[in-house]
Amino acid sequence: MRKQTADGRQFSLLDQKSSLAWINVLGVRISAVNLKSATGFIQKAIEDGRKEYVCVRDAHGVVRCQDDPELRSIHNRAFLVTPDGMPLVWALKHAGHSDSDRVYGPDLMLSVFEAGTATGLRHFLYGATAETLEQLQARLFARFPQAEIAGSYAPPFHKLSPQEEADIADRLNRSGADIIWVGLSSPKQELWMARMRDRLDASMLIGVGAAFDFHAGLKRQAPRIIQRSGFEWAFRLLCEPRRLWRRYALVVPTFISLTAFQRLGLRKFPIEDEVFGSSAPEAAAAKV
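Residues numbered from 1 in each chain as written. Predicted model: local features only at pLDDT ≥ 70, side-chain atom pairs only at ≥ 80, totals over all residues. Heavy atoms only, no water.

Colleague: Sorry if this is basic, but what is going on with the pairing of strand S5 (residues 52-57) here?
Modeller: Two faces, one strand: in a regular strand the side chains alternate between the faces of the sheet. Among the six residues in S5, six count as buried, and that is most of the element. By the bridge criterion, four bridges tie S5 to strand S10 (residues 204-207) in an arrangement that is parallel. From the neighbouring strand, Cys 55 faces S10, where its bridge partner is Gly 207. Two elements, S5 and strand S6 (residues 80-83), share four bridges in a ladder whose sense is parallel. By the bridge assignment, Val 54 is partnered in S6 with Leu 80. (Buried < 20%, exposed > 50% of the residue type's maximum accessible area, 1.4 Å probe, protein only. Helix = DSSP H or I, 4+ residues; strand = E, 2+ residues; numbered from the N terminus. Pairing = 2+ DSSP bridges.)

Colleague: Looking at this structure, I do not really get the packing of helix H5 (residues 105-119) against helix H6 (residues 130-143). What am I missing?
Modeller: H6 packs onto H5 with a crossing angle of 50° between their chain directions and a minimal axis gap of 11 Å. Judged by the inter-axis angle, H5 sits oblique to H6. Crossing of H5 against H6: the hand is right-handed. Touching Met 109, Leu 110 and Phe 113 of H5 are Leu 136, Leu 140 and Arg 143, all from H6. Among the residues forming the contact of H5 with H6, the class breakdown is five nonpolar, no polar and one charged. (Axes fitted to C-alpha atoms, helices over the stretch in contact; angles between N-to-C directions. Parallel < 35°, antiparallel > 145°, perpendicular 65-115°, else oblique. Left-handed = near helix turned anticlockwise from the far one by under 90°. Contact = heavy atoms within 4.5 Å. Nonpolar A, V, L, I, M, F, W, Y, C, P; charged D, E, K, R; others polar.)

Colleague: Hey, could you run me through the packing of helix H3 (residues 69-76) against helix H8 (residues 188-196) in this one?
Modeller: To describe two helices that pack against each other, one gives the angle between their axes and the distance between the axes. Look at H3 against H8: their axes get within 10 Å of each other, and the N-to-C directions meet at 65°. Of the two possible hands of crossing, H3 and H8 adopt the one that is left-handed. Here Glu 70, Leu 71, Ile 74 and His 75 of H3 come into contact with H8, specifically with Glu 190, Leu 191 and Ala 194. In the contact of H3 with H8, the residues fall into four nonpolar, one polar and two charged.

So, in structure tokens, the structure goes:
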């Protein structure tokens, strides 16, 4: 369910006791959170025994959702869709969510690991390569000696067969993990989380993409000042021009133009009622 306040801000009703504010950015529900609140919501969901997944989203992912209804629906069914890019943070602040801030995948991972040392959260690392996972675990243990890492697994690069998926689900469930960190490329990790969610016992699946490579020391992160400027895409383009130039040549102008159309009311980007399982008038009234 969802509701809309008089000032246009929207809420996804997660249970009878709490609600999470969000805004509609090109038909994708972006959660009004910051690093501290996102960490707290994840902890509380685990304590409550919920089974959810979290998408960490940037402008590129929002643009990709425009031509992929399945991917868009996956995001809109997530427990949180955190604002991983500054343009999404600016959109949240423009909508009145002044406390919202960037929830960058690598930062979220460290924040939840730190918070989890006090409560004994058990983590599982899924993705990347065996070598990356080995370095990642070593660095995480060096930073969080009390962390509980229940296991890790580097899946094969080919499409998983039904039997392979069943074996992976069994491995993950036997680990007893509370959180499964998913370090695959996007949208592969979002599709995997949505497909596997009902088969896994872990309370929370969190897709953090390149965070595994960053924390393993295999890739360089942009300096904080660039991350906060909204031009991190330019830093990444300079680092990997051959791989990324086509992506950003499309994403940057597309995101700017479409969000301008949405803000000016020239084009509607509704969030489908079926995502929330409701066709009531209340749901229709909440579209923007």
